[in-house]
Amino acid sequence: MSTASSTESAGTEPGAPAAVDAEQPEERSEERTAGRAPGRFGALVDRFAPALGAYAVVKATGLTVFMLLLSHTGDYLKKQPGRGGGANAWDVLGTWDGVWYQRIAENGYDPQLIPLHGFPLATYYENSAAFFPLYPWLMRLVGAVTGLGPYGSGIVVSVLASLVAAAGIFAIAERLGGFRAGVTAAVIWGLFPGSGVEWAVYSDSLFVALSAWACYCVMTRRWLSAGVLALVAGLNRPTAAALIAAVSIAALVALVRRTDGVARPLTAMLITPWGLIGYVAWVGWRMGDWGGYFKLQRGAWNRYFDGGASTLRSFMDVITGHWDFWQSNPVPDLIAIALLIALPGLLVLLWRARPPLVLWVYTALTIATALSSNQIFGNISRYLLPAFPLCIGLAFALRRVRLSSLVGLLAMPAVAAGWYAGYALFELGIP
């Protein structure tokens, strides 16, 4: 394991040159188009178009299968709007958390702790303050510019953010393992279990976009940009704590080793947490209770840190065929089991890719956060979606596979993702 801050660039870290140089010149010339468009914009298009195009194809394929499955069963017509139901199949993409984001985009916040009685697992009414503001702010902005409603604006923000996220994942993987690895990593992230929320009214794509580019900025020693991106990510999701810690630790290493001076890494460290701290503090101030955000999460949504006890308990219940735990959903639960079984192997592949410290810290803390909290067990696939470096490790291992074989290998997951990452998540579970 190495640190990005201790070298001139991630490409000069131990192990990285061998990965990139191992690509044959003939392969590089096949992968990159010969006629580069003129200008900086043309160069960017030439660099990112293959990855974004491949990502968009697999996402469109999965979404089409998702819509066909919804139309085939028609079950969404029997469910409550906002809870997996709607008048049209595509309305499902704006249900569950999507309803809350649409309400915030329309009406803003009114943070309150209102006691709820008569429910064993809930002590407060649900309140929109549990959802961070960046995503609905962007929804409102897009709506003001385009005239779209909250649903359409949310889809636009998510799709555009997913492309930015895929570009960031490509850039990191390309730096570690070459062009082919970069394209493959972007595609794998689009096929990851839980990826159905990438093109839905959910904030996940926006968070991964900010996280990927923050990590890339650390790898390329753009400390101020990394700090700002981590700060902004703190306004998007509470799990930004993992990104804040990763950027701060990498900056601290740079400070100790004096590789990038003092001012830039120190500034990055100082500014990273204030988006997260600021929103949680604002909610507490509005509620008149500085711990209000955490009380709301626990009392209304039954989300709290338990050291992984609920995850372990649910894991044992699922593998022994017991489906009587809180919010058990058999199909998403089994998908979560499969992902947990694959997780050690994905970590080994990531280790073989020799990533910089910032990716290790971010991945480890993202996984720890996902597994150490009381939650809906079947949602582990979605909670691990931000751990995009896992896709990079797998892509690194597949970079030697012939292009035709790689397309064949990923074709079936692209179709199946409409079921395991879309239908199973939204209709057979609660994302």
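Residues numbered from 1 in each chain as written. Predicted model: local features only at pLDDT ≥ 70, side-chain atom pairs only at ≥ 80, totals over all residues. Heavy atoms only, no water.

What am I meant to see in the overall build of the protein chain here?
Per the secondary structure count, the protein chain includes 19 helices and two strands. The C-alpha radius of gyration computed for the protein chain amounts to 21 Å, which stays within 12% of the reference 22 Å derived for 431 residues, consistent with globular compactness. Its C-alpha atoms give the protein chain principal-axis dimensions of about 65 × 50 × 50 Å. Across the 431 residues of the protein chain, 55% fall into the buried class. The contacts in the protein chain between residues at least 6 apart in sequence include a share of 76% that link residues at least 24 apart. By element, 67% of the accessible surface of the protein chain is carried by carbon and sulfur atoms, the whole surface being about 18000 Å². Taken as two groups, the 30 positive and 25 negative side-chain charges of the protein chain have centres that lie 5 Å from each other. (Helix = DSSP H or I, 4+ residues; strand = E, 2+ residues; numbered from the N terminus. Rg over C-alpha atoms; globule rule 2.2 N^0.38 Å. Buried < 20%, exposed > 50% of the residue type's maximum accessible area, 1.4 Å probe, protein only. Contact = heavy atoms within 4.5 Å. Areas by Shrake-Rupley, 256 points an atom, 1.4 Å probe, with all protein chains shown as cover. Lys, Arg positive; Asp, Glu negative; His and termini not counted. Charge placed at Lys NZ, Arg CZ, Asp CG, Glu CD.)

Would you explain the confidence of the model for the protein chain in this entry?
For residues with low pLDDT, the predicted coordinates do not support detailed interpretation. Per-residue pLDDT for the protein chain averages 90, and the proportion of residues at 70 or more is 91%. For residues 1-35, every residue scores under 50 in pLDDT, and the model assigns this stretch 76 contacts once sequence neighbours within four places are set aside. (pLDDT = per-residue confidence, 0-100.)

Please explain the packing of aromatic side chains as it appears in this structure.
In this description, an aromatic ring pair is defined by two values, namely the gap between the centres and the angle between the planes. Taken as a whole and judged by the stated rule, the model has 20 aromatic pairs. Both rings, one in Y55 and one in W189, keep their centres 5.8 Å apart while their planes meet at 20 degrees; by these two values the pair is stacked. On the criterion of sequence distance, the pair formed by Y55 in helix α3 (residues 39-73) and W189 in helix α7 (residues 179-191) is long-range, its members being 134 residues apart. Neither residue differs from the other here; Y55 and W189 are each classed as buried. Seen in terms of ring centroids, F132 and Y279 are 4.6 Å apart; in terms of plane orientation they differ by 50 degrees. Their pairing is tilted. One end of the pair, F132, is in the loop between α4 (97-107) and α5 (134-146); the other, Y279, is in helix α12 (residues 274-287), and 147 residues separate them in sequence. In terms of burial, F132 and Y279 fall into one category: buried. Put simply, the rings of Y109, F132, Y279, W282, Y293 and F294 touch in pairs and so form one group of aromatic residues. In this arrangement the basic side chain of R103 is found over the ring face of W100, its NZ or CZ atom lying 5.0 Å from the centre. (Phe/Tyr/Trp six-rings, centres within 6.5 Å; stacked < 30°, edge-to-face > 60°. Lys NZ or Arg CZ within 6 Å of the ring centre and 35° of its normal.)

What is the right way to look at unusual backbone geometry in this model?
Note on backbone geometry: most residues besides glycine have negative phi, and most peptide bonds are trans. A positive phi angle, near 55 degrees, is found at W96, a position not held by glycine. Its place among the elements puts W96 in the loop between α3 and α4. You can call W96 buried: its relative accessible area is 15%. Despite not being glycine, R221 shows a phi value in the positive range, around 65 degrees. Structurally, R221 is set in the loop between α8 (204-219) and α9 (223-233). A relative accessible area of 16% means that R221 is categorised as buried.

Looking at this structure, I do not really get a nonpolar patch on the surface. What am I missing?
A cluster of nonpolar side chains, namely V262, L266 and L270, defines an oily patch on the protein surface of about 250 Å² accessible area. Looking at where L270 falls in the secondary structure, it is placed in helix α11 (residues 263-271). (Patch = residues over 30% accessible without salt bridge, like charges linked within 9 Å, V, L, I, M, F, W, Y side chains within 5 Å. Salt bridge = Lys/Arg side-chain N within 4 Å of Asp/Glu carboxyl O.)

Help me understand the nonpolar core in this model?
Most often, soluble globular proteins keep nonpolar side chains buried together rather than apart. Core analysis: the largest hydrophobic core is formed by 126 residues, its most contacted members being I172, W189, F388 and F426. With near-sequence residues (within four places) excluded, F388 lies in contact with I169, I172, W189, V208, S211, A212, C215, L359 and Y362. (Core = buried A, V, L, I, M, F, W, Y, C linked by side-chain atoms within 4.5 Å.)

Can you help me understand helix α13 (residues 292-301) in this one?
Because each turn of an α-helix spans 3.6 residues, side chains separated by three or four positions in sequence point in the same direction. The element α13 is largely enclosed, with a buried count of seven among its 10 residues. Considering only its buried residues, α13 is in contact with α4 and α12. Just downstream of α13 lies N302, where phi reads positive at about 60 degrees.

Looking at this structure, I do not really get the pattern of salt bridges. What am I missing?
Side chains that carry opposite charge are capable of pairing whenever their charged atoms lie near each other. Applying the stated criterion across every chain, the model contains 11 salt bridges. Across the pair R382 and D97 runs a salt bridge whose closest N-O atoms are separated by 3.6 Å. One end of the pair, R382, is in helix α17 (residues 380-383); the other, D97, is in helix α4, and 285 residues separate them in sequence. Residue R382 shares its accessibility class with D97, and that shared class is buried. Note that R237 and D204 form a salt bridge whose closest N and O atoms lie 3.8 Å from each other. A residue pair is termed long-range when its members are at least 10 positions apart, and R237 in the loop between α9 and α10 (240-257) and D204 in helix α8 qualify at 33 residues. Like D204, R237 is buried. Among the charged side chains, a salt-bridge network with shared partners connects D97, D204, R237 and R382.

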